[in-house]
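# Analysis of the macromolecular model
Spelled out, the chains give:
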Amino acid sequence: SAGTGALAQWVLVELQGEVEPRQSGDLAGSLLGDLHYTCEGIPVLIVGHHILYGKVVQLEKPFAVLVKQGGAPQPSPTEPHGHYTVTALIKTKLLFKTRPKPIITHVPKKV
Amino acid sequence: AAVRSRAEVDATLQTAKLNPAELLPAVQCLSFSPRAGGGECCLLQLEPGLCAELEAGRSLIIRGEKDEHAVLCSKDKTYDMKIADTSNMLLFVPGCKTPEELNADPASCNIIHSQIAGFSKNYWELRRCRPKLKKLRKLLMEDPYEGPDSQKDQTSTFSKYTTEDLLNLIQASEEEILHHLQVIDACQIEGYWRILHFDYEMKLLNHVTQLIDSESWPLSKVPLGVCLEELGSLEPREMIEHILLSYGRKYVDDGEVFFEMREDKICRAIAQMLLQNAVKFNLAEFEEVWQQSVPEGMTTRLDQLQGLALVDKSSRPETIFLLKVEDLPEDNQERFNSLFGIRQKWTEVDITPYIQDLCAEKQTVGALLTKYARSSTLNGIKVYNSRRPIS
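Residues numbered from 1 in each chain as written. Chains lettered and ligands numbered in written order. Predicted model: local features only at pLDDT ≥ 70, side-chain atom pairs only at ≥ 80, totals over all residues. Heavy atoms only, no water.

As recorded by an unreviewed UniProt entry, chain B carries the name Sister chromatid cohesion protein DCC1 and is attributed to Sinosuthora webbiana. Quoted straight from UniProt, the Sequence similarities (unreviewed entry) entry for chain B says "Belongs to the DCC1 family." (UniProt positions renumbered as here; feature names shortened; annotations may be inferred.)

Chain A appears in an unreviewed UniProt entry as CTF8 protein from Sinosuthora webbiana. Taken directly from UniProt, the Subcellular location (unreviewed entry) text for chain A runs: "Nucleus".

## Side note on the interface of chain B and chain A
Every contact between the two is made by 67 residues of chain B and, on the other side, 57 residues of chain A. Interface of chain B and chain A: buried area, both sides summed, is about 5,300 Å²; carbon and sulfur atoms make up 66% of it. Among the residues chain B hides against chain A, the three largest losses belong to L30(B), F32(B) and M89(B). Together they make up 11% of the total. Counting the contacts that link chain B with chain A gives three salt bridges. Here E55(B) makes a salt bridge to K91(A), at a shortest N to O gap of 2.7 Å. There are 17 residue pairs in polar contact (both at pLDDT 80 or more) connecting chain B and chain A. Among the elements of the structure, helix 1 (6-15), strand 1 (27-32), strand 2 (41-45), helix 2 (50-55), strand 5 (78-94), helix 3 (99-104) and strand 7 (118-128) of chain B are those that each provide at least two residues to the side of chain B that touches chain A. Residue composition of the side of chain B that touches chain A, by class: 40 nonpolar, 16 polar and eleven charged. Direction of pairing for strand 2 (residues 31-37) of chain A relative to strand 1 of chain B: antiparallel, over a ladder of four bridges. Bridged to G33(A) within strand 1 of chain B is L30(B). (Contact = heavy atoms within 4.5 Å. Buried area = accessible area lost by both parts, 1.4 Å probe. Salt bridge = Lys/Arg side-chain N within 4 Å of Asp/Glu carboxyl O. Polar contact = N/O pair within 3.5 Å; in protein donor to acceptor, adjacent residues only side chain to side chain. Helix = DSSP H or I, 4+ residues; strand = E, 2+ residues; numbered from the N terminus. Nonpolar A, V, L, I, M, F, W, Y, C, P; charged D, E, K, R; others polar. Pairing = 2+ DSSP bridges.)

## Description of the sheet that holds strand 2 of chain A
If you walk across this open sheet you meet the six strands as 7(A)-4(A)-3(A)-2(A)-1(B)-6(B), and the pairing is mixed. Across the chains shown, the open sheet's two edge strands, defined by having one partner strand only, are strand 7 (101-102) of chain A together with strand 6 (111-116) of chain B. Pairing analysis gives four bridges linking strand 3 (residues 43-47) of chain A to strand 4 (residues 50-53) of chain A, with the strands arranged antiparallel. Among the inter-strand pairings, L45(A) is bridged to a residue of strand 4 of chain A, identified as L52(A).

## Structural notes on the sheet that holds strand 10 (residues 222-223) of chain B
Strands sit in the order 10-12-11 (chain B) across an open sheet of three strands; the sheet is antiparallel. Since the sheet does not close on itself, it has two edges, and those belong to strand 10 and strand 11 (248-253) of chain B, each with one partner.

Printed below as a string of structure tokens:
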């Protein structure tokens, strides 16, 4: 069920493939990267040694972000039993589909 | 972890050989919140209309017992839920700004730290479905109401269900549940939803039709007040009013409440009463007895029995037997299996009353037949049979 008050509007960021933490360990707490926009409004995400170019997409079917009440981890991802609260709506996504361009920081000198 | 500075951002831009002059001044440094990945958040893709409902402050409810597939219910619709996997990573970021939002706020500082609340590789997809209402009737039929004189209610150990109970147990929206309760002529007795036992229902109906006959009222103008007066000593007033509401259309004329009796429904009920006593009947004999059993002024017609009884035109003599659509399975494939088990070949006219309720929004009976049956021609008539051999 919906919480009281107006629903927050979040944004979805869609990335191809996996995101791995720089150091070993969880993603939690770690930095993902810097999100810029060009003057034309194209999102540019710098993640590690990669530059990702994307686009802003208005979702035809918005998402609701559900937060499970009770705190217990999901017993089975295929059946959503339990109580959920709608925390936010997502109507916009930043879609990064193009292959990342690597950032070359060191050019080997010719011998 | 130290918070990224603007100087560090600019250094990264330089290394990446990006020209800051081609970018908007503000950067958003994204990092994962400490609780991201805990599996607490998940994404639900919304069908048209649901987003507006949520924004209007209305609730969506997920319903289903452990042995049922979960459904999502809005105020008036029901949806199947299915997990959709994507090969991409979906990050949800509160407070992430779009270019328009950044441009609209020129005074915003040039570095914003945003936390990624969660991430997922899948989300819930919704598909509108028929509300699962068969269980509603099944629950209420556990203990049909037999009248105030019945000893059963006092000693009954069966569960009785309030509206709240039904909302928790039935996989359908509240409006769909309340509407169906009306369709099956359920009534509230002492706060619990009850279905009348058929015999008790017929007893009540009989009181009313006999009174109509003895008072010589027109079937279209049966006064509530007099019914309650005359029959109030025989049955509870709520029950008299309930039977009138079930079998008549209420209206007010000059401040008084009347009922226009529903001929088709009354004839149908009397047919059920006759048919339930045997496996099948000689059609001609049945039609005669049936006409004689209905109130004066009413005319019986076989089309009143759609979804209630089936005529066997292949037997000599022709016969008729009780077959109630509400007794058949709710699942599409199971329903068709059941029907083809009863009769191998069906005409569209005969089968339609038994599959009509399976039609999804904007789906036709023809579409169902194309999907679940195979057609052929028998004696020049198009008939449908099972797609697969029935064991």
